[in-house]
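Examination of the molecular architecture
Each chain, letter by letter, is given below.
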Amino acid sequence: MAVFRDIEIEFAGVSYLVTPTMRLLRRIENDVSIPRLAWGVSNGQPQTSHLAFVLALLLQTADNGRGVTEETVYAEINQMNGETLIAIWNAVLEAVSPQPKKKDAAKPPSTSG
């Protein structure tokens, strides 16, 4: 079972199918604190260079993402309105968040005690 789910991110008029992995998440977290970045975005103080770094790494995992650079992502982010930036960030968070576990309907709940 995959921990992460594939997600489609629309960026600069191009659709990217992103496949997150633990290796990618570790690479991101070596440079950027995702919770701190999330706090900044939700409080109107996004660190756009950090967001560009994270988004560029994600987009580069897509089959059509080989030409994506941090610089082009940074330039595009700085031209976005707040709503678009938040929508992109929400897609990033969804991509790097583990899938919720599915409940097994055939298995009765445990009643240990």
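Refer to the structure presented above.
Right, let's walk through the structure included here. Bear in mind that the values here come from a model prediction, so they are computed numbers and not experimental data.

Running from amino to carboxyl end, helix H2 (residues 34-42) crosses helix H5 (residues 82-96) at an angle of 155 degrees, the nearest separation of the two axes being 11 Å. Considering their axes alone, H2 and H5 lie roughly antiparallel with respect to each other. Where H2 crosses over H5, the two elements pack in a sense that is left-handed. On H5, the residues touching Ile34, Leu37, Ala38 and Val41 of H2 are Ile86, Trp89, Leu93 and Val96. Tallied by class, the residues present in the contact of H2 with H5 amount to eight nonpolar, no polar and no charged.

For the rest of this paragraph, the subject is the packing of helix H3 (residues 48-60) against H5. Put simply, H3 and H5 touch, their axes get as near as 11 Å, and they point 55 degrees apart. Relative to H5, H3 is oriented oblique. Handedness of the H3/H5 crossing: left-handed. Taken together, the residues of H5 that come into contact with H3 (itself represented by Leu51, Val54, Leu55 and Leu58) are Leu85, Ile88, Trp89, Val92, Ala95 and Val96. In terms of residue class, the contact of H3 with H5 is built from 10 nonpolar, no polar and no charged.

This brings us to the pattern of salt bridges. Applying the stated rule across the entire model yields one salt bridge. For Arg5, the salt bridge is made with Glu94, and the minimal N-O distance between the two is 3.7 Å. Placement of the pair is Arg5 in the segment before strand S1 (7-11) and Glu94 in helix H5, with a sequence separation of 89 residues.

Attention now goes to H3. Taking 1.5 Å of rise per residue, 13 residues should cover 18 Å, and H3 covers 18 Å from first to last C-alpha, within 8% of that figure. The element H3 is extensively covered by neighbouring structure, given that 10 of its 13 residues are classed as buried. When H3 is considered as a whole, its buried residues turn out to be Thr48, Leu51, Ala52, Phe53, Val54, Leu55, Ala56, Leu57, Leu58 and Leu59. In this structure, the buried side of H3 is in contact with S1, strand S2 (14-18), helix H1 (22-31), H2, helix H4 (70-77) and H5.

The rules we used
- Here, residues in each chain are numbered from 1, in the same order as that chain's written sequence.
- Whole-chain, interface and lining totals are the exception, using all residues; otherwise, since this is a predicted model, local features are given only for residues with pLDDT of at least 70 and side-chain atom pairs are given and counted only at 80 or more.
- Computation of side-chain values: all heavy atoms of the structure, hydrogens and water removed.
- Here an angle of 0 to 180 degrees is reported between the N-to-C directions of two axes, which are lines fitted to C-alpha atoms, with helices fitted over the stretch in contact.
- Segments assigned H or I by DSSP are reported as helices when at least four residues long, segments assigned E as strands when at least two residues long, and all are numbered from the N terminus.
- Note on terminology: angles under 35 degrees are roughly parallel, angles over 145 are roughly antiparallel, angles of 65 to 115 are roughly perpendicular, and the others are oblique.
- Left-handed is the label given to a crossing in which the near helix is rotated counterclockwise from the far helix by less than a right angle, and right-handed is the label when the rotation is clockwise.
- We call two residues in contact when some of their heavy atoms are within 4.5 Å.
- Polar here means any residue outside two lists: the nonpolar Ala, Val, Leu, Ile, Met, Phe, Trp, Tyr, Cys and Pro, and the charged Asp, Glu, Lys and Arg; Gly therefore counts as polar.
- A carboxyl oxygen of Asp or Glu within 4 Å of a side-chain nitrogen of Lys or Arg is what we treat as a salt bridge.
- To estimate how far a helix should reach, multiply one less than its number of residues by 1.5 Å.
- Think of it in three bands: with a 1.4 Å probe and only protein chains considered, a residue is buried below 20% of the maximum accessible area for its type, exposed above 50%, and partly exposed in between.

The values are spatial; any link to function lies outside them.
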